[in-house]
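Spelled out, the chains give:
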Amino acid sequence: MKTDTLPTTEQMIHDLYTCASCGYCRFACPVNKELGFESTGVRGKLLILRKLLEGKLDYSDARVRDAVFQCAQCEACKVMCPTGIDFVKINQFLRESLAKEGNLLELQKTIGKILSEKKNPFNEPPAERGAWLGSAYKNPEKADYLYFVGCTASYSANRIAKSIQRIMKAAGLDFAVLGGEEQCCGNPLLRMGEREKFDQMVAANMAAFDKMGIKTIFTACAGCFKAFFHDYPKKYEVLHVVQLMDRLIREGKLKFKPLPKRVIYFDGCDIGRHCGIYEEPRNVLRAIPQLELIEFDYNREQALCCGGPLVASYPELAGQIPTKHVQEATDKNADILVSACAACMLNFKEGAKRLGSKLDIQDICMLTGKQV
Amino acid sequence: MVLKETDIFSLKEIVGANNFSCDPYNLLCYSRDLASSIPDELLKGYGMIGAEAVLLPQDTAQVSKVLAYANSRGIPITPRGAASWALGGVLPMEGGIVVDTCKMNRILQFAPGDQFIRVQTGIEWKRVIDFLAARGFTVGANPSSGVSATIGGYIATGGGAGIGVTQYGGVGNQILSLKVVLSDGRIIETDPWSSFYFVGSEGTLGIICEATLKVFPSLGRRFFMFSVDSLHRGCAILERLYEMRPYYVSFLDKGLVKLLNEAGAHHFRESELTISTVFHGTDKQLERVSKEVQKLFVGCYRYSNEEALHEWDDRYKVGLAFKKLGPSLFAQDFRVPVRFLEEAIQELAHLLKGERYGVESLGGENGSIVLAVMILADERDKVDYIKKFAYASDMAQIAKDLGGAPLGLGLHNSIHLSDLYEEQAIQAMKNIRSHFDPKNILNPSKTTQVRIPAEFVNISMMAMRGVPGLVSLGLDATKLVPSEFLRFGLSIFGKGIK
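Small disclaimer: the values here were computed from a predicted structure and weren't measured.

The rules we used
Residues numbered from 1 in each chain as written. Chains lettered and ligands numbered in written order. Predicted model: local features only at pLDDT ≥ 70, side-chain atom pairs only at ≥ 80, totals over all residues. Heavy atoms only, no water. Domains from an automatic or database assignment. Contact = heavy atoms within 4.5 Å. Buried area = accessible area lost by both parts, 1.4 Å probe. Salt bridge = Lys/Arg side-chain N within 4 Å of Asp/Glu carboxyl O. Polar contact = N/O pair within 3.5 Å; in protein donor to acceptor, adjacent residues only side chain to side chain. Helix = DSSP H or I, 4+ residues; strand = E, 2+ residues; numbered from the N terminus. Nonpolar A, V, L, I, M, F, W, Y, C, P; charged D, E, K, R; others polar. Buried < 20%, exposed > 50% of the residue type's maximum accessible area, 1.4 Å probe, protein only. Pairing = 2+ DSSP bridges. Patch = residues over 30% accessible without salt bridge, like charges linked within 9 Å, V, L, I, M, F, W, Y side chains within 5 Å. Areas by Shrake-Rupley, 256 points an atom, 1.4 Å probe, with all protein chains shown as cover. Axes fitted to C-alpha atoms, helices over the stretch in contact; angles between N-to-C directions. Parallel < 35°, antiparallel > 145°, perpendicular 65-115°, else oblique. Left-handed = near helix turned anticlockwise from the far one by under 90°. Phe/Tyr/Trp six-rings, centres within 6.5 Å; stacked < 30°, edge-to-face > 60°. Disulfide = S-S within 2.5 Å. Core = buried A, V, L, I, M, F, W, Y, C linked by side-chain atoms within 4.5 Å.

Trainee: Looking at this structure, I do not really get the domain arrangement of chain A. What am I missing?
Mentor: The extent of an interface is frequently quoted as the accessible surface area lost upon association of the parts. Residues and elements named next belong to chain A. Its domain assignment divides chain A into domain 1 (3-103), domain 2 (109-248) and domain 3 (255-369). Centre-to-centre, using C-alpha coordinates, domain 1 lies 31 Å away from domain 2. If you look at the interface, domain 1 gives 11 residues, while domain 2 gives 9 residues. Both faces considered, domain 1 and domain 2 share a buried interface measuring about 780 Å² in area, 32% of it formed by carbon and sulfur atoms. The tally of links from domain 1 across to domain 2 stands at 1 salt bridge. Note that Glu96 is salt-bridged to Arg195, the shortest N-O span being 3.0 Å. Here domain 1 is connected to domain 2 by 3 residue pairs in polar contact (both at pLDDT 80 or more). With 4 residues, helix 6 (residues 87-100) is the single largest residue contributor to the side of domain 1 that touches domain 2. For the side of domain 1 that touches domain 2, the per-class residue count stands at 4 nonpolar, 4 polar and 3 charged.

Trainee: Explain the pattern of salt bridges to me, please; I cannot follow it from the model alone.
Mentor: It is possible for side chains bearing opposite charge to pair when their charged atoms get close. Here the structure, examined in full by the defined rule, presents 54 salt bridges over all chains. Where B:Asp100 meets A:Arg26, a salt bridge forms, and the shortest distance between an N and an O atom there is 3.6 Å. Taken together, the residues span two chains, with B:Asp100 in strand 4 (residues 97-100) and A:Arg26 in the loop between helix 1 (9-18) and helix 2 (30-35). Accessibility expressed as a relative area gives 0% for B:Asp100, which makes it buried. Each of the salt bridges in this network shares a partner with another, and the network as a whole consists of A:Arg26, A:Glu38, A:Arg43, B:Arg80 and B:Asp100.

Trainee: Please clarify how the pairing of strand 1 (residues 145-148) of chain A should be interpreted in this entry.
Mentor: If a strand is regular, its side chains alternate between the two faces of the sheet. All names here are of chain A. Going residue by residue along strand 1, you find Tyr145 and Tyr147 tucked away on one face and Leu146 and Phe148 tucked away on the opposite face as well. Where strand 1 lies against strand 2 (residues 175-176), 2 bridges are found, and the strand directions are parallel. In the strand pairing of strand 2, Tyr145 is matched with Phe175.

Trainee: Mind showing me how you'd approach the interface of chain B and chain A here?
Mentor: Each partner contributes to the interface: chain B provides 45 residues, whereas chain A provides 41 residues. Taking both partners together, chain B and chain A bury about 3,600 Å²; carbon and sulfur atoms supply 57% of that area. Contact with chain A buries area across many residues of chain B, yet B:Tyr25, B:Arg127 and B:Lys317 alone supply 20% of it, more than any other trio. Linking chain B to chain A there are 7 salt bridges. One salt bridge connects A:Lys51 with B:Asp40, and the closest N-O pair in it is separated by 3.1 Å. Remark: the boundary between chain B and chain A carries 22 residue pairs in polar contact (both at pLDDT 80 or more). Of all elements in the fold, only strand 1 (20-21), helix 2 (24-29), helix 3 (40-45) and helix 5 (125-133) of chain B reach the threshold of two or more residues within the side of chain B that touches chain A. The biggest single contributor to the side of chain B that touches chain A is helix 2 of chain B, with 5 residues. Of the residues in the side of chain B that touches chain A, the class split is 17 nonpolar, 10 polar and 18 charged.

Trainee: Any chance you could explain a nonpolar patch on the surface here in plain terms?
Mentor: A grouping of B:Trp193, B:Tyr197 and B:Ile432 is seen on the molecular surface, where their side chains present a nonpolar patch of about 350 Å² in accessible area. Among the structural elements, B:Trp193 can be located in helix 8 (residues 192-195).

Trainee: How do you make sense of the packing of helix 9 (residues 158-171) of chain A against helix 13 (residues 241-250) of chain A when you look at a structure like this?
Mentor: A packed helix pair is summarised by two numbers, namely the angle formed by the two axes and the spacing between the axes. All names here are of chain A. Contact pair helix 9 / helix 13: the axes reach a minimum separation of 11 Å and the direction vectors enclose 25°. The angle between the axes of helix 9 and helix 13 places the two elements in the roughly parallel class. For the pair helix 9 and helix 13, the sense of crossing is left-handed. Here helix 9 contributes Ile164, Ile167, Met168 and Ala171 to the contact with helix 13, which in turn contributes Val241, Leu244, Met245 and Leu248. Here the residues of the contact of helix 9 with helix 13 sort into 8 nonpolar, no polar and no charged.

Trainee: What is the right way to look at the sheet that holds strand 11 (residues 207-214) of chain B in this model?
Mentor: Backbone-to-backbone hydrogen bonds join strands into a sheet, with any given pair of strands oriented parallel or antiparallel. Residues and elements named next belong to chain B. Across the sheet, 5 strands lie side by side as 5-6-11-9-10; this open sheet has antiparallel pairing. Both edges of this open sheet fall to strand 5 (107-111) and strand 10 (187-189), since each of them pairs with a single strand only. Pairwise comparison of adjacent strand axes, ignoring direction, gives a mean angle of 10° for this sheet. Sheet strands touched by helix 5: strand 5, strand 6 (116-120) and strand 11. Its angle to strand 6, the strand with the most contacts, is close to 145°.

Trainee: Is there a simple way to think about the packing of aromatic side chains in this case?
Mentor: Two aromatic rings are characterised by how far apart their centres lie and by the angle between their planes. Going through the model one piece at a time under the given rule, you end up with 33 aromatic pairs over all chains. With a centroid separation of 6.0 Å and an interplanar angle of 80°, the aromatic rings of A:Phe148 and A:Phe209 are classed as edge-to-face. Of the two residues, A:Phe148 is situated in strand 1 and A:Phe209 in helix 11 (residues 195-212); the sequence distance between them amounts to 61 residues. Of the two residues, A:Phe148 and A:Phe209, both sit in the buried class. Considering the side-chain rings of B:Tyr168 and B:Tyr247, the 6.1 Å spacing of their centres and the 80° angle between planes classify their relative orientation as edge-to-face. Of this pair, B:Tyr168 sits in helix 7 (residues 165-168) while B:Tyr247 sits in the loop between helix 9 (231-243) and strand 14 (248-253), and the two are 79 residues apart along the sequence. On the basis of relative accessible area, B:Tyr247 is assigned to the buried category, the value being 3%.

Trainee: Can you walk me through the side chain of B:Ser227 in this structure?
Mentor: Residue and element names in this part refer to chain B. The topology assignment puts Ser227 in strand 13 (residues 220-228). Here Ser227 falls in the buried class, since its relative accessible area comes to 1%. Discounting chain neighbours no more than four positions away, the residues touching Ser227 are Arg269, Ser271, Leu273, Thr274, Cys300, Tyr301 and Tyr303.

Trainee: Help me understand unusual backbone geometry in this model?
Mentor: Peptide bonds are, in most cases, trans, and in most cases residues other than glycine have a negative phi. Note the cis peptide between B:Gly326 and B:Pro327, where omega equals 10°. With respect to the secondary-structure elements, B:Pro327 resides in the loop between helix 12 (305-313) and strand 17 (328-337). One non-glycine residue with positive phi stands out, namely A:Glu75, at about 70°. Note on placement: A:Glu75 falls in the loop between helix 4 (61-69) and helix 5 (76-80). Notably, A:Arg300 is not glycine yet its phi reads approximately 50°, a positive angle.

Trainee: Would you mind showing me how to read the state of the cysteines here?
Mentor: By definition, a disulfide links the sulfur atoms of two cysteine residues through a covalent bond. Residue and element names in this part refer to chain A. For the structure on display, the rule yields 0 disulfides over all chains. Looking at Cys25, it has no disulfide partner, and the nearest cysteine sulfur is the one in Cys22, 6.2 Å off. Of the cysteine sulfurs around Cys224, a residue in no disulfide, the closest is that of Cys221, at 3.4 Å. Overall, Cys224 belongs to the buried group, its relative accessible area being 4%.

Trainee: What exactly am I supposed to notice about the environment of B:Met48 here?
Mentor: All names here are of chain B. By secondary structure assignment, the location of Met48 is in the loop between helix 3 and strand 2 (53-55). Sequence separation between Met48 and Gly466 is 418 residues; the distance between their C-alpha atoms is 27 Å. Setting aside residues no more than four positions away along its own chain, Met48 makes contact with Ser31, Arg32, Leu43, Leu91, Pro92 and Met93.

Trainee: Is there a simple way to explain the nonpolar core in this structure?
Mentor: Of all hydrophobic cores here, the largest spans 112 residues; its most connected members are A:Leu46, B:Trp125, B:Ile151, B:Ile155 and B:Phe322. When residues of this core are assigned to domains, at least three fall in each of domain 1 (3-103) and domain 3 (255-369) of chain A. The contacts of B:Ile155, once residues within four sequence positions are left out, are B:Val171, B:Ile175, B:Leu178, B:Phe198, B:Val199, B:Gly200, B:Ile208 and B:Ala211. Formed by 67 residues, the second largest nonpolar core is a distinct cluster that contains B:Leu42, B:Leu286, B:Met395 and B:Leu417.

In structure tokens, the structure reads:
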């Protein structure tokens, strides 16, 4: 989603009437596949919007809010749409309009408030953001690379961050971190439609980057990466860690120990459809000797979203969507389900819990970190 | 309102609260189909009540309970697949319940040895085709809207146009059995012969819940794409191609190519016809076919293999990529014998002079070719849209004159029923319908139940063309007149209902 080029009202209205009502958008929509009703799919939403615009349908705060926010912004509909409608842009436009009116879901309002105050969505103290590094940690004197840790790896999934430390040490790559000066990238706020608050976080993070004298920012968080890639000023080279690992492997600097496991890779939407990163994570996994890489039926551009982006708005729905992925991975006799997005990983774990599945689910950094 | 509080309670209990909706936003969505550009006033003029509740059953047993209940209370039922048909077949004319089959979407059995697959009919064709492709098999006939079109929807709308039809015939030829819920809730299982009752039944005889279809081992494929500068020669080539029974054959006319290029979606060479075809077969068969195709198209511009493959990969999408130029579209599909294709294209050119339109073809069965005629429109200009809508009658007439017919009846084409079929045939269809559905709850006021007499429509359209101001007057009047009054008028002036 390139939110920096949102449609004008005129373009949006044109798109509403361009919809062919063919229903192709329903094929891969994670929300519509779960809930079923037309009003939860893009075709239905565009029809509803048209009729609201024409004054033929009564406006309802709650219904409109659901129609707008019950969307993972995964862009699967855009891939399918024969008329080229970019629904995610329309959706973002509507989110920003609703946010301006203060018409957000209660859960979003709460998370938004926490993000503004604590600079992370977990209500954790900002000062403890770099606690996982240990008190003895010091940034190298000079580093071209900055590892942007992100909220999830800083607080709730430290193992991702520690794995990256191990991987980069093995590859001989020095990097710096912002520690307590790092703030949330702002992506969750942008997804809620809170553009002004997002812009404030961008400014704070950019100021911190500028002080570091770095050339490249890398992150393992797909959401952060997407924000840097599309919505931050283009001042530094930005890499997802799988791109960096792929580069280090090709340069012969990163090697792995064998892992005789059957691994299924999931293309998360944030780095996949949104940023076009499909082959690098596969190259990384293929570099692990004896690892057998298998695929979901729908992969790369056609991958079916896990529902992770809905966790902060419709957690019950979000947790139900990945049960299908976990089931498919199990049916394909996968030993490990791997993603390159912590949000996907956590949501898959929720899906597995609901299914009662013992499937091993890992972030790609955690998996590769153990093999260096 | 047909539904009562007690009905809502009982129906919700059958399918579960999560699969039941009376939400006004949903009711709107379920009172429209692919042709969602049609002005609301026109639907009101038809006397449509619209959906009162939507149900998403998950299996045959639930459908059976829903129908048994509805039958006992005389509640109208409108079955719905993907609603990717533009003929109003899923519009809930008499109110009542819409049964959306989208949650009946499982693959129940795949038997590669016996070469069949058994599925719930709410599953999309693309999903079944992708599943089979990963296992070395493919299907026969399948729709050109396969990303959304469901197995059940394609069967119920005839399944005689699309991909694979030119090689394997219509979908009816690939059905081994169907599990169908009749109007009173009884579940029957058909054999290949009796399945034909339900092929093209347009949701009027029962709800098709499961289908067992023949599948075919994937063989080699060869893709071809040519542009032909003479319409006469292009039509002659297509006639010969049809005799060769390719898996896929489609053309884009010069109007469509121009519009696609203008929309920036494609970059085709401008010519009278751009023809794509795909053959399935063994290496030896494909070698022979290859030589024959090249001979057939000698002197024509040939696109590269990559371009032809891309066209095939894009087969579900290509025809709609120009829609944004409208931004709306009025579309009508009809079939004509392939030998009359040239006449059909010429008559369309005469009829649609001055319009921005394109024609795409789909494979048809029994030597017929299906033409999808797409006219750019802007639904916000309702007078202009209605004028374009009126072309449907003219196109039906062209089809009939050339020995063809519109591709199905649904709501909009039911007015042509008596023009298209002999009285005896119509009576036979009505007899079958009343045998299967004596209380007339299944998809009422469509197909064999003509909502508005064709004469009335034709006279109205002629009058409106002569005096365009009449259209806006008619639209305004429809807005003002209460629905009940319009329905009463239809019940007096309409013919053929019941």
